[in-house]
Amino acid sequence: MESADFQDINEAKANMDHIYNQRDPRAYFRELKKLNYSIPDTALPIFRKIIEQVRQKEGDTVHVLDLGCSYGVNAALLKHDLSMEELYTHWGATDLDVTDAQEITARDKEYFNNLENPENIEVVGLDLAENAISFAEDVGLLDDGLAMNLETGRLSAQASEIISSTDLVTSTGCVGYVTEKTFDNILPAVMAGRSPWVANFVLRMFPFDVIEETLADRGYVTEKLEGQTFLQRRFESEDEKEQALDQLRDQGIDPMRAEADGNLVAEFYLSRPKKDVDEMSIEDLLVA
Ligand SMILES: C[S@@+](CC[C@H](N)C(=O)[O-])C[C@H]1O[C@@H](n2cnc3c(N)ncnc32)[C@H](O)[C@@H]1O
């Protein structure tokens, strides 16, 4: 499948672009709470197990590159052990309605600065939404932010340097918006360091095969975690549900119970250098 085909699949999904690039995260969390957006939560235990594997020595900082990071959502969960429920409460409080984005940023800077980072994790976030990236940098959720679209552009030398120490590439809710082009762009830069593991949660309607091939060209082996699926969010409407189920059927995939019941469901793909896969299977890593 060519990357352009993702555009057709994206037509099946409700368009959320209006909440991705506001000056603070209130609209993002208000709208996604209505849909029980939960993939950062459901992904977290998997990310945690993987982080323990990629940490070279106890106490070492783990450097994560989060693709499609938005307002630093995965960073908040990974660094500060927060949950989506806590973030929904934090950014959904009604007394914030009259507050402007600058005040929210100032408040959140203090809030996140006062939280501990017990796991010693640093997160560089990449997203095309400039406002989301600057918010996440300003409040300290991201240690560095890259506001760029690698579907259409190239990594700068400065951005390449920033991601060269990556230990783990992550994404939730992002593949589909990004294709193999983004991975093709980042791989030479991240592989300048230690060939990081690449951990993607991907909606079942987006085939991962072209990204897998792009990673394979650089010596990566991709495994899908079999037998486990991850709730992403509820369908926004009957129409979205029908279109998504049609997409799955068109690709020869039988809708699961959770999908027929009204949910978008993701699967987990882990891509690692071949020698790491030979040492330990994804099941031993994540299921045992
Ligand atoms: C569904 S949100 C997921 C955000 C976050 N990962 C989470 O799970 O809460 C999708 C994100 O992908 C971003 N995005 C869309 N196109 C992109 C691109 N070409 N490159 C990087 N990010 C992109 C959007 O701006 C948005 O922040």
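Refer to the structure presented above.
Here the structure is a predicted model, which is why all the values come from computation and not from measurement. (Residues numbered from 1 in each chain as written. Predicted model: local features only at pLDDT ≥ 70, side-chain atom pairs only at ≥ 80, totals over all residues.)

1. Describing the overall build of the protein
Here is step 1: For the protein, the helix and strand inventory stands at 15 helices and 8 strands.
Here is step 2: Here the protein has a C-alpha radius of gyration of 18 Å; the compact-globule value for 288 residues is 19 Å, and the two agree.
Here is step 3: Evaluated residue by residue, the protein yields a buried proportion of 40% over its 288 residues.
Here is step 4: Long-range contacts, defined here as pairs at least 24 residues apart, represent 83% of the contacts in the protein between residues at least 6 apart. (Helix = DSSP H or I, 4+ residues; strand = E, 2+ residues; numbered from the N terminus. Rg over C-alpha atoms; globule rule 2.2 N^0.38 Å. Buried ≥ 20, exposed ≤ 12 C-beta atoms within 10 Å, placed from the backbone. Contact = placed C-beta atoms within 7 Å.)

2. Section: the site of the ligand
Here is step 1: Taken together, 20 residues surround the ligand, and among them G68, S70, V73, G173 and Y177 come closest.
Here is step 2: Among the secondary structure elements, those contributing two or more residues to the shell around the ligand are α4 (39–54), α5 (73–80) and β2 (121–127).
Here is step 3: Looking at the shell around the ligand residue by residue, the class counts come to 12 nonpolar, 6 polar and 2 charged. (Near = placed C-beta within 6 Å. Nonpolar A, V, L, I, M, F, W, Y, C, P; charged D, E, K, R; others polar.)

3. Thoughts on the environment of G72
Here is step 1: Within the secondary structure, G72 sits in the loop between β1 (62–67) and α5.
Here is step 2: Discounting chain neighbours no more than four positions away, the residues touching G72 are G125, A136, L141 and L142.

4. What to know about unusual backbone geometry
Here is step 1: Residue S70 is not a glycine yet carries a positive backbone phi of 55°.
Here is step 2: Here S70 lies in the loop between β1 and α5.
Here is step 3: One non-glycine residue, N120, lies in the positive phi region at around 55°.

5. Let's talk about the pairing of β1
Put simply, side chains in a regular strand alternate between the two faces of the sheet.
Here is step 1: Judged by how many residues are buried, β1 sits mostly within the fold: 6 of 6 residues are covered.
Here is step 2: Along β1, one buried face is formed by V62, V64 and D66 and the opposite face, lined by H63, L65 and L67, is buried too.
Here is step 3: Bridge count for β1 against strand β4 (residues 168–172) is 4 bridges, and the pairing is parallel. For L67, the partnering residue across the bridge sits in β4 and is S171. (Pairing = 2+ DSSP bridges.)

6. Some words on the packing of helix α3 (residues 26–34) against helix α6 (residues 84–92)
Here is step 1: At a minimum axis separation of 9 Å, α3 and α6 run at an interaxial angle of 125°. Of the possible angle classes, the one that applies to α3 and α6 is oblique. Crossing geometry of α3 relative to α6 is assigned as left-handed. Residues R26, F29, R30 and K33 of α3 form the contact with α6, whose own contacting residues are L87, Y88, W91 and G92. (Axes fitted to C-alpha atoms, helices over the stretch in contact; angles between N-to-C directions. Parallel < 35°, antiparallel > 145°, perpendicular 65-115°, else oblique. Left-handed = near helix turned anticlockwise from the far one by under 90°.)

7. Overview of the environment of D81
Here is step 1: Within the element layout of this structure, D81 appears in the loop between α5 and α6.
Here is step 2: For the pair D81 and D24, spaced 57 residues apart in sequence, the C-alpha to C-alpha distance is 21 Å.

8. Section: the nonpolar core
Here is step 1: If you look at the biggest cluster of nonpolar residues, it comprises 75 residues, and the most contacted ones within it are L65, A75, A136, L168 and A199.
Here is step 2: Not counting the four nearest positions on each side in its chain, A136 is found in contact with C69, Y71, G72, A75, G125, L141, L142 and G145. (Core = buried A, V, L, I, M, F, W, Y, C linked by C-beta atoms within 7 Å.)

9. Examining α5
Here is step 1: The buried fraction of α5 amounts to 7 of the 8 residues, a majority that puts the element mostly inside the structure.
Here is step 2: For α5, the set of buried residues is V73, N74, A75, A76, L77, L78 and K79.
Here is step 3: Packed against the buried residues of α5 are α4, β1, α6, β2, α8 (130–138) and β4.

10. Quick word on the packing of helix α10 (residues 180–190) against helix α11 (residues 209–216)
Here is step 1: Between α10 and α11, whose axes approach to 9 Å, the crossing angle comes to 20°. The pairing of α10 with α11 is recorded here as roughly parallel in orientation. α10 and α11 meet at a crossing whose hand is right-handed. Residues E180, F183 and D184 of α10 touch α11, and the partners they reach there are V210, I211, T214 and L215.
Here is step 2: Looking at the contact of α10 with α11, its residues break down into 4 nonpolar, 1 polar and 2 charged.

None of this, on its own, says anything about what the molecule does.
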